[in-house]
Amino acid sequence: EPEVTQTPSHQVTQMGQEVILRCVPISNHLYFYWYRQILGQKVEFLVSFYNNEISEKSEIFDDQFSVERPDGSNFTLKIRSTKLEDSAMYFCASRNPGRANTEAFFGQGTRLTVV
Amino acid sequence: AQSVTQLDSQVPVFEEAPVELRCNYSSSVSVYLFWYVQYPNQGLQLLLKYLSGSTLVKGINGFEAEFNKSQTSFHLRKPSVHISDTAEYFCAVTTPFGNEKLTFGTGTRLTIIP
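Residues numbered from 1 in each chain as written. Chains lettered and ligands numbered in written order. Predicted model: local features only at pLDDT ≥ 70, side-chain atom pairs only at ≥ 80, totals over all residues.

**Observations concerning the overall build of chain B**
- For chain B, the count of helices and strands is zero helices and 12 strands.
- Listing every helix and strand of chain B by position from the N terminus yields β-β-β-β-β-β-β-β-β-β-β-β.
- Computed over its C-alpha atoms, the radius of gyration of chain B comes to 14 Å, within 12% of the 13 Å expected for a compact globule of 114 residues.
- Over its C-alpha atoms, taken along the principal directions, chain B stretches across nearly 45 × 30 × 20 Å.
- In chain B, which comprises 114 residues, the share counted as buried stands at 35%.
- Residue pairs at least 24 apart in sequence account for 57% of intrachain contacts in chain B once pairs closer than 6 positions are excluded. (Helix = DSSP H or I, 4+ residues; strand = E, 2+ residues; numbered from the N terminus. Rg over C-alpha atoms; globule rule 2.2 N^0.38 Å. Buried ≥ 20, exposed ≤ 12 C-beta atoms within 10 Å, placed from the backbone. Contact = placed C-beta atoms within 7 Å.)

This is the structure in structure tokens:
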């Protein structure tokens, strides 16, 4: 069964460093998303990406964040200068926009720890 | 904008007992509704979804949910729980147009008591 894969599963970084979280969405999907879940809190939408551009972003997704689909298979989330409050589980998701298959499929997540 | 309320943050249930996890939503337009499960240290897995049609939807692992438009609810039920059902359960809503981003509730931690 096709699945969304994320790497790494856990990343520890020092405050102020740049991190890149990687995702490989399901191959025929066209919508891509990043969500995050701070420990003990709900899952929050960060950004959606369609047709090689951001289609929507939340207020969390400030200038420190960027997304890219560099090669037609990977979908990355970059945080330029990490803060302690960026520590969270980051989930990538993808979706086929057809009406009969509108559910989003999630990856296993990357746990980011900023120290 | 949509919102989701899961009133119960924690629900302890004895093994083999029935359970209902409550979810209420708010939206000015039609919605799609989902229940996702997160097992310890794992990602989000879809349990079931409501898009249209029959208001009673069945999902994996013996779970079902009923869409009630008048009460704006989408409660999740299982007639007999097992230890393996211990997990966090998230209700989520989206609208059937645009980029269909998901808005999640705060989650309900289901703990099964042997």
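Next comes the rest of the write-up.
**Things to note about the overall build of chain A**
- The number of helices and strands found in chain A is zero helices and 11 strands.
- Ordered by position from N to C terminus, the α and β elements of chain A give β-β-β-β-β-β-β-β-β-β-β.
- C-alpha atoms of chain A, sized along the principal axes, occupy 40 × 25 × 25 Å.
- The 115 residues of chain A split such that 33% are buried.

**Topic: the nonpolar core**
- Trp34, Phe91 and Ala93 of chain A together with Trp35 and Ala92 of chain B are the most contacted members of the largest nonpolar core, which totals 55 residues.
- When sequence neighbours within four positions are dropped, the list of residues in contact with tryptophan 35 of chain B reads Leu47, Leu48, Gly59, Ala65, Leu76, Tyr89 and Cys91 of chain B. (Core = buried A, V, L, I, M, F, W, Y, C linked by C-beta atoms within 7 Å.)

**Here we look at the pairing of strand β9 (residues 73-78) of chain B**
Residues and elements named next belong to chain B.
- Alternating residues of β9 divide into Phe74, Leu76 and Lys78, all buried, and Ser73, His75 and Arg77, none buried.
- Pairing analysis gives three bridges linking strand β3 (residues 19-21) to β9, with the strands arranged antiparallel. If you follow valine 19 over to β9, its bridge partner there is lysine 78.
- As judged from the five bridges shared by strand β8 (residues 64-68) and β9, these two strands associate in the antiparallel manner. Within β9, the residue paired with phenylalanine 67 across the bridge is phenylalanine 74.
- Connecting β8 to the antiparallel partner β9 that follows it, the hairpin turn spans four residues, and threonine 72 within it adopts a positive phi of roughly 45°. (Pairing = 2+ DSSP bridges.)

**Observations regarding unusual backbone geometry**
- Residue threonine 7 of chain A is joined to proline 8 of chain A through a cis peptide bond whose omega torsion reads -10°.
- Summarising the element assignment, proline 8 of chain A is placed in the loop between β1 (5-7) and β2 (10-13).
- Here asparagine 52 of chain A, not a glycine, exhibits a phi torsion of approximately 65°, which is positive.
- With a phi angle near 60°, asparagine 61 of chain B is a residue other than glycine that sits in the positive phi range.

**Observations regarding the interface of chain A and chain B**
- Counting from both sides, the interface comprises 18 residues of chain A and, opposite them, 17 residues of chain B.
- Those elements giving two or more residues to the side of chain A that touches chain B turn out to be β4 (31-37), β5 (43-50), β6 (53-57) and β9 (88-95) of chain A.
- Class assignment for the residues of the side of chain A that touches chain B results in eight nonpolar, six polar and four charged. (Nonpolar A, V, L, I, M, F, W, Y, C, P; charged D, E, K, R; others polar.)

**Examining the pairing of strand β5 (residues 32-38) of chain B**
Residues and elements named next belong to chain B.
- Counting buried positions along β5 gives six out of seven residues, so the element sits mostly inside the fold.
- Where β5 lies against strand β10 (residues 87-94), seven bridges are found, and the strand directions are antiparallel. Paired with tryptophan 35 across the bridge in β10 is cysteine 91.
- By the bridge criterion, six bridges tie β5 to strand β6 (residues 44-50) in an arrangement that is antiparallel. If you follow valine 37 over to β6, its bridge partner there is glutamine 45.

**A few points about the environment of glutamate 18 of chain A**
Residue and element names in this part refer to chain A.
- By secondary structure assignment, the location of glutamate 18 is in the loop between β2 and β3 (19-24).
- Considered as a pair, glutamate 18 and aspartate 86 are 68 residues apart in the sequence and their alpha carbons are 11 Å apart.
- Discounting residues that sit within four places of it in the chain, glutamate 18 has contacts with Lys78, Ile79, Arg80 and Ser81.

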